[in-house]
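# Observations on chain architecture
This is what each chain is made of:
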Amino acid sequence: MVIKINSKFIKKINSTALIAIVIGILIVLNFFSYNIFYRFDLTQNKDYSLSKASKRAAADLKDIVSVKAYFSADLPSQFLNLRQEVGDILDEYVSYSGGKIKAEFIDPKADQATKQELYAVGIPELQFNAIEKDKYQVINGYLGLLIKYGEKFQAIPVIQETKDLEYQITSAIKKLTSPKIPNIGFWQGNGAADLEKEVSAAYKKLGEIYNVSLVNYAADKKITDDLDTLIIIGAQEKFNDNELKAIDAFLISGGSLVILADGVKVDQGLLANKNGIGLNKILESYGVKLNENLVLDANNVLASFNQGVVSFTTNYPYWPKVIKSGFDQNNPAVARLESLVLPWASTIDVNLDKTKDLAVSYLALTSDKAMAVADNFKLEPQAQISDGVRGKFNLAVALSGKFKSPFNQTSSKAGHLILVGDSDFIRDNFLRNYPDNLMFFQNVIDGLSLGSDLISIRSKGVTDRPLKEIGEAVKTAVRYTNIFALTIIVVLFGLIRYFLRKKTRFEDQL
């Protein structure tokens, strides 16, 4: 007796068996992967997973680091996701630390002793406005983080978002566990920018990681030996020889010197005057020169102006915008930046003969549609400029190595010099609109003081994504692709489906 089995029945059994096998495999994989920690982050900069620097900082810990997240339980509903995101980040740190990081969430509630402890370490009790059950309420609560390592601690007073939380946690861990914290000094005098009134944001940010101090050479007559980095921002008065000798001695003895200087001073009435501060006396010996000119660039940003009672906003060529192609892609401090705005910037010349024994990095360049003007500055937005020098110009340069002293002092160690042809970019009033400027400044200082670890974390969150210019041929191709591509795909899919079904019917008839 011959038993005929319908082919459709066999296919149905095979499909059922295949589904059962797949489900079984998924169950087994789920069972074995229960204790395996891994997350897939498909964002370009890995914004939702820890960077290699953070993983390494967690894995290299020699002792226990305690992380306590003080989050009140009865916070408004909009903070529920924030608590979950903070928990996810802390879970990653715990996992990669191999148990060296201990993290926990604590609700201070009405515990007066805990509240006093938090007040002492700088974590404040906040007030939140909320509407619950159709009633307006004021809720008190906490959104802070306390990181402890032995007897030392670092507080993150308020967590409003997780965008830079990884940077704050990793920098705190590095600061707490580092045997020596770098010393950063800000030059005082010579009309340099006021740290509290003009560059407070940059000053406070560096103070979160480094030992920050003031260098008052006029009073102290020296630069202390324990200083690692010296920063000069926006000087407007000429340096005398004694000051220049002290700065030169600091650099050639292995120090790191950061100069943010204006070749031309611009006041509020858009009056421009050359800024002869005398730093070129030492800079030219090192192989660079700050020019007393101003740059105009086709790549620029909007600026607001007042004419009487009328206010208007327009593109302003004197505020050049450096885009990704203008950054040195081999320098970690700027390689991942998308933009930098340098208002009223001056160009920098590099003498190749004098820098042949130094490592040179061209940190920031204008576009090739820029122009430099050295006289008859016309800063009004409607002014027509035609008597400048056109080209592509250096706006920020980094040099490393043994520098030649103009005072015949012997260079004992390799030093580092960063020269930026503008100081306005880091002032508080510009940072409000151009936060990437602060990222550039922090990256430069971190690169000199701590290496590139923190740079890779901070640069994950890109704040500016400029549109790329494309040609007419590409625009046309994209336009017709959008119009016809979907229709063609649907038609092809239908034809393939038709022939497959026709083939199946033919096989069944056999």
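See the structure printed just above.
Here goes a summary of the coordinates provided. Within every chain, residues take consecutive numbers counted from 1 along the sequence as written. At least 70 in pLDDT is required for a residue's local features to be given in this predicted model, at least 80 for side-chain atom pairs to be given and counted, and no such filter applies to totals for whole chains, interfaces and linings, which use all residues. Each side-chain value is derived from all of the structure's non-hydrogen atoms; neither hydrogens nor water enter the calculation.

So, on to the pairing of strand 1 (residues 65-71). Looking along a regular strand, one sees the side chains alternate between the two faces of the sheet. The element strand 1 is extensively covered by neighbouring structure, given that six of its seven residues are classed as buried. Of the strand pairs in this sheet, strand 1 and strand 2 (residues 101-106) are connected by six bridges, and their pairing is parallel. Its bridge partner being in strand 2, Val 65 is matched across the sheet by Ile 101. With its strands directed away from the observer, a crossover is right-handed exactly when the path from the first strand over the helix to the second travels clockwise. A helix here means a DSSP run of H or I that spans at least four residues, while a strand means a run of E at least two residues long, and both kinds are numbered starting from the N terminus. Handedness of the crossover joining strand 1 and strand 2 through helix 3 (residues 80-96): right-handed. Any residue under 20% of the maximum accessible area for its type is buried, any over 50% is exposed, and the rest in between are partly exposed; the area is computed with a 1.4 Å probe on protein chains only. What makes two strands pair is DSSP finding at least two bridges between them.

Below, the discussion takes up the packing of aromatic side chains. Each Phe, Tyr or Trp ring (for Trp, its six-membered ring) is paired with any other whose centre lies within 6.5 Å, and the angle between the two planes then decides the class: stacked below 30 degrees, edge-to-face above 60, tilted in between. Overall, the coordinates contain 17 aromatic pairs when judged by the stated rule. Plain terms: the ring middles of Phe 79 and Phe 128 are 5.0 Å apart, the flat faces sit at 65° to each other, and that makes the pair edge-to-face. Of this pair, Phe 79 sits in the loop between strand 1 and helix 3 while Phe 128 is found in strand 3 (residues 126-132), placing the two residues 49 residues apart along the sequence. Here Phe 79 and Phe 128 have matching classes, each one buried. A ring pair is formed by Tyr 316 and Tyr 318, whose centres lie 5.6 Å apart and whose planes are at 50°; its orientation type is tilted. For Tyr 318, a relative accessible area of 2% corresponds to the buried category. Put simply, the rings of Phe 305, Phe 312, Tyr 316, Tyr 318, Trp 319, Trp 344 and Phe 430 pair up and form one aromatic cluster.

The sheet built from three strands is open, its strands ordered 15-16-17 with antiparallel pairing. Whereas interior strands pair on both sides, the edge strands pair on one side only; in this sheet they are strand 15 (300-307) and strand 17 (339-341). Going across the sheet, the axis of each strand differs from the next one's by a mean of 40°, ignoring polarity. Sheet topology note: the strand 15/strand 16 (residues 310-323) ladder contains eight bridges and is antiparallel. Within strand 16, the residue paired with Leu 302 across the bridge is Asn 315. Note on geometry: axes are C-alpha line fits, over the in-contact stretch for helices, and angles between N-to-C directions span 0 to 180 degrees.

Looking now at the side chain of Thr 114. Among the secondary structure elements, Thr 114 is positioned in helix 4 (residues 112-121). Of the polar contacts made by the side chain of Thr 114, one reaches the side chain of Asp 111; its length is 2.9 Å. For this analysis, residues touch if any pair of their heavy atoms sits within 4.5 Å. If we skip the residues at most four places from it in the chain, Thr 114 touches Tyr 70 and Pro 108. Identification of polar contacts relies on pairs of N or O atoms within 3.5 Å, with a donor-acceptor requirement for protein atoms, meaning one able to donate a hydrogen and the other able to accept it, and with residues adjacent in sequence counted only if both atoms are side-chain atoms.

One can describe the packing of helix 6 (residues 200-207) onto helix 11 (residues 436-449) by two numbers: an axis separation of 11 Å at closest approach and a directional angle of 40°. In this view, helix 6 runs oblique relative to helix 11, as classed from their interaxial angle. The crossing of helix 6 and helix 11 is right-handed. In this structure, helix 6 uses Ala 202, Lys 205 and Leu 206 to contact helix 11, whose residues at the interface are Leu 438, Phe 441, Gln 442 and Ile 445. Under this grouping Gly is polar, as are all residues other than the nonpolar Ala, Val, Leu, Ile, Met, Phe, Trp, Tyr, Cys and Pro and the charged Asp, Glu, Lys and Arg. Tallied by class, the residues present in the contact of helix 6 with helix 11 amount to five nonpolar, one polar and one charged. Angular relationships are summarised with four words: roughly parallel below 35 degrees, roughly antiparallel beyond 145, roughly perpendicular across 65 to 115, and oblique for the angles in between. Put simply, a crossing is left-handed when the front helix is turned counterclockwise from the back one by less than a right angle, and right-handed when it is turned clockwise.

Another point: the nonpolar core. Judged by nonpolar contacts, the single largest core of 46 residues is most densely connected at Ile 231, Ile 426 and Phe 440. With six residues, helix 11 is the largest single contributor of residues to this core. Buried residues of nine kinds, namely Ala, Val, Leu, Ile, Met, Phe, Trp, Tyr and Cys, make up a nonpolar core once their side-chain atoms join them within 4.5 Å. In terms of nonpolar packing, the next biggest core, distinct from the first, is built from 34 residues, Leu 244, Ile 277, Val 288 and Val 397 among them.

Moving on to a nonpolar patch on the surface. Like charges are joined within 9 Å and nonpolar side chains (Val, Leu, Ile, Met, Phe, Trp, Tyr) within 5 Å, but only among residues with over 30% relative accessible area and no salt bridge; these make up the patches. Under the convention used here, a 1.4 Å probe and the Shrake-Rupley method define accessible areas, while residue burial counts only the protein chains that appear. By definition, a salt bridge exists where a carboxyl oxygen of Asp or Glu is found within 4 Å of a side-chain nitrogen of Lys or Arg. A cluster of nonpolar residues, Tyr 480, Ile 483, Phe 484, Ile 488, Val 491, Leu 492, Leu 495, Ile 496, Tyr 498, Phe 499 and Leu 500, forms a patch on the protein surface that exposes about 1100 Å² of accessible area. Tracing the backbone through its elements, the reader meets Tyr 480 in helix 13 (residues 472-509).

Assignment of secondary structure puts Thr 347 in the loop between strand 17 and strand 18 (348-350). There is a polar contact of 2.8 Å between the side chain of Thr 347 and the side chain of Asn 291. Engagement of the side chain of Thr 347 in a polar contact is seen with the side chain of Asn 293, the distance being 2.9 Å. What Thr 347 contacts, discounting residues up to four positions off in sequence, is Lys 289, Leu 290, Asn 291, Asn 293, Val 295, Ala 372, Phe 393, Asn 394 and Leu 395.

For the rest of this paragraph, the subject is the pairing of strand 20 (residues 370-373). Of the two faces of strand 20, the one holding Ala 370 and Ala 372 and the one holding Met 371 and Val 373 are both buried throughout. Where strand 14 (residues 294-297) lies against strand 20, four bridges are found, and the strand directions are antiparallel. In the sheet register, Leu 294 faces strand 20, and the bridge partner there is Val 373. Relative to strand 21 (residues 389-391), strand 20 runs antiparallel, the two sharing three bridges. When the sheet's bridge partners are listed, Ala 372 is paired in strand 21 with Val 389.

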